[in-house]
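Chain and residue survey
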Amino acid sequence: MTNDQKALIRATVPVLREHGVALTTYFYNRLLTHNPELKNVFNSANQRTGAQPTALAMSVLAYAEHIDNPEVLSQAINRIAHKHVSLDIRPEQYAVVGKHLLASISEVLGEAATSELLEAWGLAYQQLAQVMSNVEANLYSNTVAKAGGWSSWRPFVVQKKIRESEEITSFYLYPSDGGNVADFLPGQFITVRLFVPELQVLQPRQYSISCAPNGNYYRISVKKERGSVEGPAGFVSNLLHDKIQEGDILEVAPPAGDFILDVTTNNPIVFISGGVGLTPFMSMLEYLIQTGKDRAITWIHGCRGYEVHAFKDSVSELGGRHQQMAIHTFYDKLDDHPQEFYYEGFVDLTKVKEAIVPQADYYICGPAVFIKKHVEYLRSQGVNSQFIHFEEFGPAILVV
C-alpha cells in the first residue's frame, strides 16, 4: 500500500467510530443473503444480539487506526485466528467476505466511497486476509501434527452426561473411532456443531474444556440458556440439555484458544469467575493439582446461589489435595448455606484483599461487566496488566 492509500484508510476512522456497527450490520445482512450457506458458520444468537457486528466493527476500526503498523494488533489477530480455526474457516472464504465488505462500504457510504477509497480498502483487506490466513495455516498444521490431532470436524460420542447444578451439565466426549484425542493447553475450548431444526442450519458453539488434558476425552460443561430480557434462549445449549443423550454423536472441532494457563512461572494464581465462567478454570485447576505444581492458588467464584453452583464439591476436594488453596464463594443470597469464606452479594475483591498481591497471575472469566469491574480494581491496586488475563465468552467486544 502507498502512503496516500494508508492516509485514505486513516481518514475513515471517524466514520468507523460513529457508524461502524451500522456498516458491519449491513455487511452481515448482505453476506448472509447472498451466501446463505454461511449461516452454518456464524452464530445466529450473536447476529441477533448485535455482538458479532459490534466485534467486527471494533476490529475494522482497530485495523484502520493501526494501518501504518498492524503488527501491534498481533495479539488480537492471534485470538481471532483461533476462533476462525475452531469454526473451520478456510482461505477461500476470505474472498467471499472481502467482496461483500467492499460492496457494503460502497453502498453504505454512497458518493463518499470513491474509487480511490475502495481500492485502498481492497488492498488493506487483502493484506489483512493474507496475515490471517498465514496464522491460521500454522494453527491447522500444528493441530494435525499432534498425536490424536485432526482438522475440521470429527465425530465424538457422548459417553457420559452429568448434571453439575440446576443449569450446568457436563458432557464427556470420546472419539467415535476409538482413537486418542489431541492434548490441549488448560483454558482452551472446543467447538461443537449441531443441526438446529428451528433455523434449518448447523450451528457451531465454542465451549471451554473443563477437564485437564488426558489423551482420551474432552469434557465440556454447558449452561442451559433459558432466555430472559437480557438475551434469547440458546438453541444449542437447550438441544444439548434436552435432546442429546449418552451414546449420541456430536461433531467436534479441535481445541483452540489463547486464554491459557501460564505454566512457565511459579507466581501465585488467583482465579476469579462468575457463573459458568468457572469452566476453563476447572481445566487449569485439575492440571495444577495433577501435575503437582507448587503454586499458591486463590479460587474466587460468584453465582446466584447454592443450587446453581457447579463443581462446588470438586473444587473443595481439589483444594484439600493442594494444601495451598483458598476458596472464596459469593452468592446473591446465602439462604441456609452460610459457611466460612462464603459471602453474600456479587463478587467483591475488597473482601478478599489478602489475595490481591502485585506479583500474582490473575485469570478472570465471566460476563463483560464482571471482567471490566475486576480488571479495573486490580489495576487500581497496582497489578500490572501483563499479569491480568481474561476470557470473554462470545465475540470479543470488551476493551479494558
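Okay, so let's go over this structure.

Reading the values: the criteria
Residues numbered from 1 in each chain as written. Predicted model: local features only at pLDDT ≥ 70, side-chain atom pairs only at ≥ 80, totals over all residues. Heavy atoms only, no water. Disulfide = S-S within 2.5 Å. Buried < 20%, exposed > 50% of the residue type's maximum accessible area, 1.4 Å probe, protein only. Pairing = 2+ DSSP bridges. Helix = DSSP H or I, 4+ residues; strand = E, 2+ residues; numbered from the N terminus. Axes fitted to C-alpha atoms, helices over the stretch in contact; angles between N-to-C directions. Contact = heavy atoms within 4.5 Å. Parallel < 35°, antiparallel > 145°, perpendicular 65-115°, else oblique. Left-handed = near helix turned anticlockwise from the far one by under 90°. Nonpolar A, V, L, I, M, F, W, Y, C, P; charged D, E, K, R; others polar. Expected span 1.5 Å × (residues − 1). Bend = angle between axes of the 7 residues up to and from the residue. Phe/Tyr/Trp six-rings, centres within 6.5 Å; stacked < 30°, edge-to-face > 60°. Lys NZ or Arg CZ within 6 Å of the ring centre and 35° of its normal. Salt bridge = Lys/Arg side-chain N within 4 Å of Asp/Glu carboxyl O.

Right, let's get into the state of the cysteines. Covalent bonding between the sulfur atoms of two cysteines defines a disulfide. Overall, the coordinates contain 0 disulfides when judged by the stated rule. Here cysteine 211 stays free of any disulfide, with the sulfur of cysteine 365 as its closest cysteine sulfur at 16 Å. Judged by relative accessible area, cysteine 211 falls into the buried class, the value being 2%. In this model cysteine 303 remains outside any disulfide bridge; the closest cysteine sulfur is found in cysteine 365, 14 Å from its own.

Our next topic: the sheet that holds strand E2 (residues 168-175). Taking strand neighbours across the sheet as the criterion, the 6 strands line up as E4-E3-E6-E1-E2-E5 in an open arrangement whose pairing is antiparallel. The sheet terminates laterally at strand E4 (201-208) and strand E5 (218-223), the two strands that pair on one side only. Each adjacent strand pair in this sheet contributes to an overall mean axis angle of 40°, direction not counted.

Looking now at helix H8 (residues 235-242). Buried residues dominate H8, accounting for 6 of its 8 residues. Among the residues of H8, Val236, Ser237, Asn238, Leu239, Leu240 and His241 are the ones counted as buried. Structurally, H8 contributes buried residues whose contacts are with strand E1 (154-163), E2, strand E3 (189-196), E4, E5 and strand E6 (249-256).

With their axes 9 Å apart at the nearest point, helix H2 (residues 13-34) and helix H6 (residues 91-109) run at an angle of 125° to one another. As the angle between them shows, H2 and H6 are arranged oblique. Classified by chirality, the crossing of H6 by H2 is right-handed. On H6, the residues that touch Val15, Leu23, Tyr26, Phe27, Arg30, Leu31 and His34 of H2 are Val96, Val97, His100, Leu101, Ala103, Ser104, Ile105, Glu107, Val108 and Leu109. In terms of residue class, the contact of H2 with H6 is built from 12 nonpolar, 3 polar and 2 charged.

Side chains that are three or four residues apart share a direction in an α-helix, a result of its 3.6 residues per turn. Across its 22 residues, H2 extends only 28 Å between first and last C-alpha, which sits more than 12% below the 32 Å expected from 1.5 Å per residue. Where H2 bends most, at histidine 19, the angle is about 75°. Restricting attention to buried positions, one finds in H2 the residues Val13, Leu16, Gly20, Leu23, Thr24, Phe27, Tyr28, Arg30, Leu31 and Leu32. For H2, the secondary structure elements touched by its buried residues are helix H1 (3-11), helix H3 (44-49), helix H4 (51-65), H6 and helix H7 (115-145).

All told, the structure shown has 16 aromatic pairs when counted by the stated rule. Their ring planes at 80° and their centres at 5.4 Å tell us that tyrosine 28 and phenylalanine 42 sit as a pair that is edge-to-face. Pair noted here: tyrosine 28 is in helix H2 and phenylalanine 42 is in the loop between H2 and H3, with a separation of 14 residues, a long-range link. A residue is classified by how much of its surface remains accessible, and tyrosine 28, at 5% relative accessible area, is buried. Their ring planes at 80° and their centres at 6.4 Å tell us that phenylalanine 281 and tryptophan 299 sit as a pair that is edge-to-face. Residue phenylalanine 281 is located in helix H9 (residues 279-290), and its partner tryptophan 299 is located in strand E8 (residues 297-303); the two are separated by 18 residues in the primary sequence. A residue is classified by how much of its surface remains accessible, and phenylalanine 281, at 0% relative accessible area, is buried. Judged by relative accessible area, tryptophan 299 falls into the buried class, the value being 2%. Each member of the aromatic cluster is reached from another via a ring pair, and the members are Phe259, Phe271, Phe281, Trp299 and Tyr363. In this arrangement the basic side chain of lysine 312 is found over the ring face of tyrosine 306, its NZ or CZ atom lying 4.4 Å from the centre.

We now examine the sheet that holds strand E9 (residues 325-331). On the basis of which strands lie adjacent, the open sheet formed by 6 strands has the order E10-E9-E8-E7-E11-E12 and parallel pairing. Strands at the two margins of the open sheet, each flanked by one partner only, are strand E10 (342-344) and strand E12 (388-391). Averaged over all neighbouring strand pairs, the angle between strand axes comes to 15°, with direction disregarded. Looking at chain direction, E8 and E9 are connected through 7 bridges and run parallel.

Tallied over the entire structure, the rule returns 13 salt bridges. A salt bridge links aspartate 68 to arginine 10; its shortest N-O distance comes to 2.7 Å. Taken as a pair, aspartate 68 in the loop between H4 and helix H5 (74-86) and arginine 10 in helix H1 lie far apart in primary sequence, 58 residues in all. Residue class for arginine 10 comes out partly exposed when judged on its relative accessible area of 35%. Here arginine 90 and aspartate 88 are joined by a salt bridge, their closest N and O atoms 2.7 Å apart. You can call arginine 90 partly exposed: its relative accessible area is 23%.

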